[in-house]
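The chain contents come next:
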Amino acid sequence: MTPGITRVASLCAVALVLAWVPAWAPAAAQAQSAQRADPAPVHGTAQAPVSPQGASVAPSGTPATPDTSAPSGTPATPPTAADIAALPVAGADTAASPRADTSFPTGFRFGTYGRVGFSGDLRGAPGRTTNMVTHGARLMEGSYAETDLGYGIRLSDGFAVRVLMTLAFFDEFFHFSGNATQAIAMRNLYAEASGFLKTDLKVWVGSRMYRGDDIYLLDWWPLDALNTLGGGFSWDSENRAWRLQAHVGVNRLKDGSMLRTVSVPSTYGADTITLMERQRIIASAKVTWFGHKLAGDLSLKVSLYGEYHRLPRGTLRYSGDYKQYFEEFALAQNPDLMTVLPADDGGVIGAQIGLWGFGPDSHVNLFARYAWGLAAYGEWGVPWGVALDRTSSGAKEFVLAASMNWENHDFGLMATSYGRLFVDADRNRYDLDDYWEGITVVRPAWFATTHFHVAAEVSHQWKVPRGIGPNDNKHHDPQVVQMSLLPALSLGRGMYRRPEFRVVYSASWLNADARNLFPKFDERRDRAWQHYLGVQVEWWLDSSSYP
Amino acid sequence: MVRITRMCARAEGRPATTRGPCAGALALIALAAAASTGCFNADKAGQAPKLTTVVKDWRDEVVYQVLIDRFANGDANNDQNVKPRDAAAYHGGDYQGLIDRLDYLADLGVTALWISPVVKNVEEDAGVAGYHGYWAQDFTEVNPHFGDLPKLRELVDKAHARNMKVILDIVTNHIGQLFYYDINRNGQPDEQLMGSGTSSPITRTTEWDPDFDERGVQSFTSLGPSGPAPLNWVWQPEIDRVPPWPPEFANDDWYHKMGRVTVWGREKQACFDAGRITAAERDSDAYWGALAACHDYVRMQEMLGDFPGGLKDIKTELPEVRQALIDVYATWIEQAGFDGFRIDTIKHVEPDFWRTFCPAIRQRAAAAGKDNFLIFGEAFDGDDELIGSFTKDDMLDSVFYFSQKFVIDDVIKNGAPTRRLEDLWKTRIPGQDAGQALHYGTNPQPGGVVDASGTPLPPWRLTVNFLDNHDLPRFLYQNQDRPGLHIALSLLLTMDGIPCVYYGTEQDFSGGNDPANREDLWTSGFAREGETFAWIRQLTGLRQQLAPLRRGDLKVVWSSTGTGTAQDAGILAYERTIPAAGGAPAETVLVVLNTSAANTAETSADQAGGGDMITSFAPGTKLVNLLDEPDPADDVTVGTGGSVRLRLQPRTTKVFAVR
C-alpha cells in the first residue's frame, strides 16, 4: 500500500462520510424512529436520553489506555425537548423561588461503566494493540471499569445538591495477573448544587472528569477533556439556547517538575521536606449555542472553548538557617534538585459544531483545537523538548477531527477521522517529536436481529515525523491498517446499545516504518501482519460521567 | 487571671483551693489551661541548669564506666533499630535505665559515673551501629537512642542528688565516617583493586578508609597518580551520615585527609617501609620509641591519621577548630551539668591542642558555676612516658593509667614480679627514686582539680586506674580467675589515684574484644549477691571508711623480684598515709597483697638472707586487718624497727589499720 495514497484515501473517506450523512440521514431517521420499540439510551455527542430520574444515562468512553492519562465520561448533552418541557416555565415560579432543577437525581444512585475481556494474538500470548498514533482505535484496549456512587437531595425550595464519587479500576485484574494489588483511581469526587437562584446556575467543587463530547471509536475527547481538582459553574439560559461553563482547577503531579523533596536528618532516620512544589492552575470556559429543531428534528450546536494553563516559577524553598550547609550537601550532590524552573503557561482555543436529529442516535461532530505552550502537552503532561529557557514556549498542537454516527433499523455506520500536528518547544526543526499524525476509522454494522449484529471496522493510521530515523537517516512514514470483524450481542439494535458482548477479530498490517517504532529487539518488529482475537463485553449503566 | 493562676497552682502540684462537685471538670480545664498558658513549664526543660560544684576531692570517687546502650533499658520508646542479638547493634539501654539503677550502683559503692558519649552518631556503618557513641555526626544533639536533653539532665540531677558525679565521654580527635576520599575520582565511594599483578602489585583500596599517606591521600586513575584525592561528603540522612554539625565542621580544610593510621603493633616495620629507619634498626632490639626517626614518624601517623573505621581526623591545630570544639563541648557542661570529661584518643591529637582546650574548658565550666572540673584522657598505649606527657603543664588533669593496666595484667595473670609495679610507680610518684625521670605532671593545672581543702592537686596524684574497659578484653576473658580479679580489684581500690570499674565487672562478665566485651548488664538481673559484687562493695566501703585509702600518699614497703615459689613472690605491700597536719596525727593504712595464684608468700626475704618488711609504724603498734571477716590471726603487732612479717595465702589482700 502506498503511504501517500492511503492517507489521501483516509481523508477522502471521512470527507465523504461527512458529506453523505446529513444529506439523507433525517429521512432515514424519521423512517426508523417509528419502528424502534425500545427507548434507546444512546451514546454520542448529540443527544443523550434522560433516565426516569432525569439524569443522563448514556455515558461512554473509557481511557484510551489503562493509565490515568485518559479519562472516561460522556458527552456534553444538550437538553432534550422532554427536558425542556419538564422544566418549570419561566415566570411560573414564585418571584422569590429559585429555579428548581429537576434534572438533579435525588436519593442514592449507582452507575457503572466497564469493559472487560480476554484476548490472544493467535500465537499463545495475550492480544496487544497495534495502535501507533496518540489516539488509536479502541478495539484492542485493555480492561477498565468505573463505579459511580452518588446521592442527591432536593429541597422543597428547589435547592438541590448531588454528590458523586467514581472509582476507576485499571487493567490488569487479579484473576489475570494473580496480583491482588489493584490499580484504583478516584475519577470523580465532587458535589454540585443548583436551584439557589432564579436562573439555572449550577456550581460544583471537587475532583472531576470535566469534559465535553467524545469520539467513541477512538475513546477520545478531542476538544475538552480535563481532569481537575477545582470548581466551576454551568449556566443555561432560560430558553436553553445558551450554555456557559467555566472552571478553575489545579493539579500538582508527582514529578520533579512540580514536586521535589529531599531527605534530611531526623530524630531517628530521615524526614522528608518539600523543596519545591508548584501547582498548575487551569482555567477553562466554554460557551455553546443550541439551535433546537431547526429543521424537523435536526438540531445544531456550536461551541467555542478555551483553556489557560499556568505554572508558577519553581522556586526552591527551604529554611534560611544554615542555608550554605543545606545547599552544599543536601542539594549540590543532586543537581536536578537545584534547577530552578521558570514560570510557564499556555492555552487552548477550539470550536465544535454538532448536528443531530437525523436518526436515532445519529450525529455529526466537527472539532478544531489549537493548543500552545504548556497546554499543548495536556493537563497531565510534563513538557519535554523544552525551549532554551526551559519553558514550553513554542510548543503547539493542532487538531482537526470529525466523527459521526448514523443508524436505522437494519444498519449503522460510525466513522471518524482526525489529523493532529504536534510540535515541541525545542528549536530542532527536524525532530522526531514534531509530527503530523492521523487516523480514519469506519465501522459499518448490520443489525441482524434485535440483539445480534455484525460490525466490521477498518482503520488507517499514519504518522509523519519531521525528524529522520536514527538508524537509517531517512524520513519515516509509519502506517498501520487494521481490519476487524465484530459479531455482537447487545441490549438492542443500535451502535450504542449496551451492554454489548462481542467477539473481536482484528488483523493489522504495519509497514516497516511502523514496526520500527517498537523498541529494538521487540519481536513485533519482524511481523508485518499481527492478529488479535478477543472476547469482550462493554457496558454503561447509569454511568454519570458528564459535565 | 486569678483562675488561671489557681489552675496553674494545681497543675504544678501547689495547694489548690478549688473544691466541690465540679472539681473534676475544673481539673480537666485546668490541665488544658495549664498546657496552653505554659505553667507546665515545658520551657523549664529548655533552660540551662544552674550549675554547682559537687566534687570535694576527685580521689574520693569510685568511677563506674557505663556504656549507656548496654547498661539498662528504661524506656521502650527509644528502642529504635534495636537488635539485641546483634552484638554490633543498638541494644536499648538508655538514660532512664541508668536512672532506674542508681540504687544498684550506690549499693556497689560507686560515686561517679562515666557515661559513654551522648552526641548524635552515624547510625550505622558497614553493619555496625554507633551505639557506643564514638562516631559523632552532630556535636550538639543528644543521641535519641538514649533519651533527650531533659532526660540527660534528669540523670545528672538524680545522680547529683545521690552525691554521684557524672563524667561525660567526649571525642575531639575525629568525627564519624562522614566523607570518603574519591581516589579514583568517579564520584562514588568504592572499594577497588589496583595494579596489574605483573608490572605492579595488586592492592586493595577502600575509599572510606585508605591507608596513611603523609602527602595526604592521593588519587589514582588508570593512567597513574592524579594528585590529592577529593574529599566527598555524603548525604545519607536515613543513617545520619550527613556532614557534621555544627556546620562549620563541614569544612574540607578542617581535616588532615591523610588516611588511616597503620602503625598499630608494627611500628618498626612501618618506619622501615616509610624509609625512616634502616633494616638493621628494624631488626635490632631497640624500642621503636627510642629510635628518634621512628618515634617521630609513628607519632606523626597517630596524630594526623584517621582513626580506624574511617573516623576522619580533625585538624585540631587550627585555632578556629579548637575554638569550635571548646564551644560544642563546653555547651554540654552548661546544658547538662557534667562534672568532668573523659576524652577519647588523646594521643591522636597533637599535644599543644590540650594546652588550649583544657584551660578553656575549665574556664567555661567555672564561669558556669562548675569548679573542680576533672579532665582526663585515654592514651591507649603502654608507653608510660607518652601517657604521662598529656598531664604536663596546662594539659589534662589526668589520664587512664594504661601502662599500669598492662603491668597489673602481667603481675596478676602471668605471675610477673610485683617489683614491676613499684618500678612503674617510681616514674609517677615524686621522691620514690631520685634518679628516675617523672613522666606525669607534678604541677597542678591552673584552675584544675583541687582537694577538699582547695589545695590544687597535681596530675600524678590523679591517675585513673582501671583493669579493663570497652576497648579491652575483660579481665576474666580467657581465664575465669575470679580470685585473680578480686586481687586486682583490691589493688585498684586501695592504690592512690582514682579507681574506675568497668560496668559488668561486678557481675563477672568475661567478654573478649569489642564488641564481646560490651555485654548487656541486664542479663545479670542486676544481682547483688555475687561474690564479686560483694567484694567490690566491701572494698569501696573500706575506701570510704579509711581516708588514707582515698587521699593518702603511697609508699611501697614491699615488692618482690621473685616469681614462682620464691618466699615473697607475689607480695606487694604499700602504705597509704595522710601526713599529720594542723594538729591532726598522721593516718596510715597498710595494704598487703599476695598476687600469686598458687604461692603462699611472706613479707620477708630471710630465706635469701634479707629481712622482714619494714613499715613506718612504731614498734609495738597493733594493726588489725579490716578486710574480710575478722580473723584473730590477722592481728599484728609491729616489731622492731617497724618490721611486719605476714604470711598470705595466694590471692589474698589484707588492709591493716592501727587498732
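Here is what the cut-offs are and how they apply
- Residues numbered from 1 in each chain as written.
- Chains lettered and ligands numbered in written order.
- Predicted model: local features only at pLDDT ≥ 70, side-chain atom pairs only at ≥ 80, totals over all residues.
- Heavy atoms only, no water.
- Helix = DSSP H or I, 4+ residues; strand = E, 2+ residues; numbered from the N terminus.
- Contact = heavy atoms within 4.5 Å.
- Buried < 20%, exposed > 50% of the residue type's maximum accessible area, 1.4 Å probe, protein only.
- Areas by Shrake-Rupley, 256 points an atom, 1.4 Å probe, with all protein chains shown as cover.
- Pairing = 2+ DSSP bridges.
- Core = buried A, V, L, I, M, F, W, Y, C linked by side-chain atoms within 4.5 Å.
- Axes fitted to C-alpha atoms, helices over the stretch in contact; angles between N-to-C directions.
- Left-handed = near helix turned anticlockwise from the far one by under 90°.
- Nonpolar A, V, L, I, M, F, W, Y, C, P; charged D, E, K, R; others polar.
- Buried area = accessible area lost by both parts, 1.4 Å probe.
- Salt bridge = Lys/Arg side-chain N within 4 Å of Asp/Glu carboxyl O.
- Polar contact = N/O pair within 3.5 Å; in protein donor to acceptor, adjacent residues only side chain to side chain.
- Patch = residues over 30% accessible without salt bridge, like charges linked within 9 Å, V, L, I, M, F, W, Y side chains within 5 Å.
- Phe/Tyr/Trp six-rings, centres within 6.5 Å; stacked < 30°, edge-to-face > 60°.
- Lys NZ or Arg CZ within 6 Å of the ring centre and 35° of its normal.
- Expected span 1.5 Å × (residues − 1).
- Disulfide = S-S within 2.5 Å.

### With respect to the overall build of chain A
- In terms of regular secondary structure, chain A is built from six helices and 20 strands.
- When contacts within chain A are restricted to residue pairs at least 6 apart in sequence, those whose partners lie at least 24 apart make up 67%.

### Focus: the overall build of chain B
- Across its full length, chain B carries 18 helices and 28 strands.
- Per-residue burial over chain B gives 57% buried out of 659 residues.
- Partitioning the contacts of chain B with sequence separation of at least 6, the portion at a separation of at least 24 is 70%.
- With an accessible surface of roughly 25400 Å², chain B has 51% of that area assigned to carbon and sulfur atoms.

### So, the sheet that holds strand β16 (residues 398–399) of chain B
- On the basis of which strands lie adjacent, the open sheet formed by eight strands has the order β16-β15-β14-β7-β2-β1-β18-β17 (chain B) and parallel pairing. Of all the strands in the sheet, just β16 and β17 (464–466) of chain B have a single pairing partner and so form its edges.

### Regarding the nonpolar core
All names here are of chain B.
- By size, the foremost hydrophobic cluster in this structure holds 164 residues, and its most contacted members are Tyr64, Phe71, Ile115, Tyr329, Trp354, Phe357 and Trp425.
- Top element by residues in this core is helix α11 (residues 319–336). It accounts for ten residues.
- The contacts of phenylalanine 357, once residues within four sequence positions are left out, are Ile170, Thr172, Leu325, Ile326, Tyr329 and Ile343.

### Quick notes on the packing of α11 of chain B against helix α12 (residues 351–367) of chain B
Residue and element names in this part refer to chain B.
- Following both chains from N to C, one finds α11 and α12 inclined at 35°, their axes separated by 10 Å at the closest point. Crossing of α11 over α12 shows right-handed handedness. For the pair α11 and α12, the contacting residues are Arg322, Leu325, Ile326, Asp327, Tyr329, Ala330, Thr331, Ile333 and Glu334 in the first and Asp352, Phe353, Thr356, Phe357, Ala360, Ile361, Arg364 and Ala365 in the second.
- Here the contact of α11 with α12 is composed, by residue class, of ten nonpolar, two polar and five charged.

### Brief notes about unusual backbone geometry
- Along the chain, aspartate 171 of chain A connects to glutamate 172 of chain A via a cis peptide bond; the corresponding omega equals 5°.
- Here the amide bond leading from arginine 498 of chain A into proline 499 of chain A is cis, since omega sits at 5°, within 30 degrees of zero.
- You can see proline 499 of chain A is positioned in the loop between β18 (479–490) and β19 (500–510).
- We note that arginine 185 of chain B has phi near 55°; this positive angle belongs to a residue other than glycine.
- Along the polypeptide, arginine 185 of chain B turns up in the loop between β8 (179–181) and β9 (191–194).

### A closer look at the interface of chain B and chain A
- Taken together, the 19 residues of chain B in the interface contact 14 residues of chain A.
- Buried area between chain B and chain A, summed over both chains or domains, comes out near 1400 Å², and the portion from carbon and sulfur atoms is 68%.
- Contact with chain A buries surface across chain B, with Trp235, Pro237 and Trp245 of chain B losing the most and accounting together for 41% of the total.
- For the interface between chain B and chain A, the tally reads zero salt bridges.
- Seen at the junction of chain B and chain A, the total is four residue pairs in polar contact (both at pLDDT 80 or more).

### Looking at a nonpolar patch on the surface
All names here are of chain A.
- A grouping of Phe108, Phe110, Leu149, Tyr151, Ile153 and Leu155 is seen on the molecular surface, where their side chains present a nonpolar patch of about 600 Å² in accessible area.
- If you list the elements that add at least two residues to the nonpolar patch, you get β1 (107–120) and β2 (144–154).
- The leading source of residues in the nonpolar patch is β2, at three residues.
- Of note, isoleucine 153 is situated in strand β2.
- Exposure remark for isoleucine 153: the relative accessible area of 44% places this residue in the partly exposed category.

### What to know about the side chain of asparagine 188 of chain A
Residue and element names in this part refer to chain A.
- As for its position among the elements, asparagine 188 is in strand β4 (residues 183–194).
- Note on asparagine 188: relative accessible area 2%, which makes it buried.
- Here the side chain of asparagine 188 touches methionine 209 through a polar contact of 3.0 Å, landing on its backbone nitrogen.

### Points about the pattern of salt bridges
Residues and elements named next belong to chain A.
- A full pass over the atoms with the stated rule returns 79 salt bridges over all chains.
- The salt bridge partner of aspartate 213 is lysine 301, with a shortest N-O separation of 2.7 Å. Here aspartate 213 is found in the loop between β5 (200–211) and β6 (225–236), whereas its partner lysine 301 is found in strand β11 (residues 298–311), with 88 residues between them in sequence. You'll find aspartate 213 and lysine 301 in the same group, each marked buried.
- A salt bridge links aspartate 236 to arginine 243, with the shortest nitrogen-to-oxygen separation between them at 2.9 Å.

### A short note on the pairing of strand β20 (residues 529–541) of chain A
Residue and element names in this part refer to chain A.
- Across nine bridges, the pairing between β1 and β20 is antiparallel. Counted as the bridge partner of phenylalanine 118 is valine 535 from β20.
- Of the strand pairs in this sheet, β19 and β20 are connected by ten bridges, and their pairing is antiparallel. The partner of tryptophan 509 across the bridge, within β20, is tryptophan 529.

### A few points about the packing of aromatic side chains
- Across all of its chains, the model carries 51 aromatic pairs over all chains by this definition.
- Note on phenylalanine 139 of chain B and tyrosine 329 of chain B: the rings are 5.9 Å apart at their centroids and 85° apart in plane angle, and the pair reads as edge-to-face. Note that phenylalanine 139 of chain B is positioned in strand β6 (residues 136–142) and tyrosine 329 of chain B in helix α11, a separation of 190 residues in sequence.
- Overall, the relative accessible area of 2% leaves tyrosine 329 of chain B in the buried class.
- Judged by centre distance (4.9 Å) and plane angle (75°), the rings of phenylalanine 179 of chain B and tryptophan 233 of chain B are edge-to-face. Taken together, the residues phenylalanine 179 of chain B in strand β8 and tryptophan 233 of chain B in strand β13 (residues 231–233) connect sequence positions 54 residues apart.
- Taken together, Tyr322, Tyr325 and Phe329 of chain A together with Phe179, Tyr181, Trp233, Trp235, Trp245 and Tyr255 of chain B form an aromatic cluster joined through their ring pairs.
- A cation over a ring is seen here: arginine 70 of chain B above tyrosine 131 of chain B, with NZ or CZ 3.9 Å from the ring centre.

### Let's talk about helix α14 (residues 402–414) of chain B
Residues and elements named next belong to chain B.
- A rise of 1.5 Å per residue sets the reference length of α14, with its 13 residues, at 18 Å; its end C-alpha atoms lie 17 Å apart and thus fit the reference within 8%.
- Inspection of α14 places Phe402, Ser403, Gln404, Lys405, Val407, Ile408, Asp409, Val411 and Ile412 among the buried residues, and these make up the whole buried set.
- For α14, the secondary structure elements touched by its buried residues are α13 (384–389), α15 (419–426), β17 and α16 (482–494).
- One or two positions beyond α14, positive phi appears at glycine 415, with a value near 75°.

### Considerations on the environment of methionine 495 of chain B
Residue and element names in this part refer to chain B.
- Inspection of the secondary structure puts methionine 495 in the loop between α16 and β18 (498–502).
- Here methionine 495 falls in the buried class, since its relative accessible area comes to 0%.
- For the pair formed by methionine 495 and aspartate 553, sequence separation is 58 residues and the distance between their alpha carbons is 9.2 Å.
- Each residue touching methionine 495, except ones within four places of it in the same chain, is listed here: Gln404, Ile408, Trp425, Asn465, Arg543, Leu549, Leu554, Tyr574 and Arg576.

### So, the state of the cysteines
Residues and elements named next belong to chain B.
- A full pass over the atoms with the stated rule returns one disulfide over all chains.
- The partner cysteine of cysteine 271 in its disulfide is cysteine 294, sulfur to sulfur 2.1 Å. Taking the sign of the torsion about the S-S bond as the criterion, the disulfide between cysteine 271 and cysteine 294, at about 80°, is right-handed. With cysteine 271 in helix α8 (residues 267–273) and cysteine 294 in helix α10 (residues 292–304), the pair connects residues that are 23 residues apart, well separated along the chain. Both residues of the pair, cysteine 271 and cysteine 294, belong to the buried class.

### Comments concerning the pairing of strand β10 (residues 280–295) of chain A
Residue and element names in this part refer to chain A.
- Where strand β7 (residues 242–251) and β10 come together, ten bridges link them in antiparallel fashion. Bridge pairing in β10 links tryptophan 242 to tryptophan 289.
- Across twelve bridges, the pairing between β10 and β11 is antiparallel. Its bridge partner lying in β11, alanine 285 is registered against glycine 306.
- In sequence, β10 turns back onto β11 through a hairpin of two residues, with glycine 296 there showing a positive phi of about 65°.

### What about helix α17 (residues 531–545) of chain B?
Residue and element names in this part refer to chain B.
- Spanning 15 residues, α17 covers 21 Å between terminal C-alpha atoms, matching the ideal 21 Å at 1.5 Å per step.
- Thr532, Phe533, Trp535, Ile536, Leu539, Thr540, Leu542 and Arg543 are the residues of α17 that are buried.
- Against α6 (102–108), α16, β18, α18 (547–551) and β28 (652–658) lie the buried residues of α17.

### Notes on the environment of arginine 313 of chain A
Residue and element names in this part refer to chain A.
- With respect to the element layout, arginine 313 can be found in the loop between β11 and α4 (323–331).
- Each C-alpha atom, one on arginine 313 and one on methionine 258, is 9.7 Å from the other, the two residues being 55 residues apart in sequence.
- Sequence-distant contacts of arginine 313, defined by excluding residues within four places in its chain, comprise Arg278, Val340, Leu341, Pro342 and Ala343.

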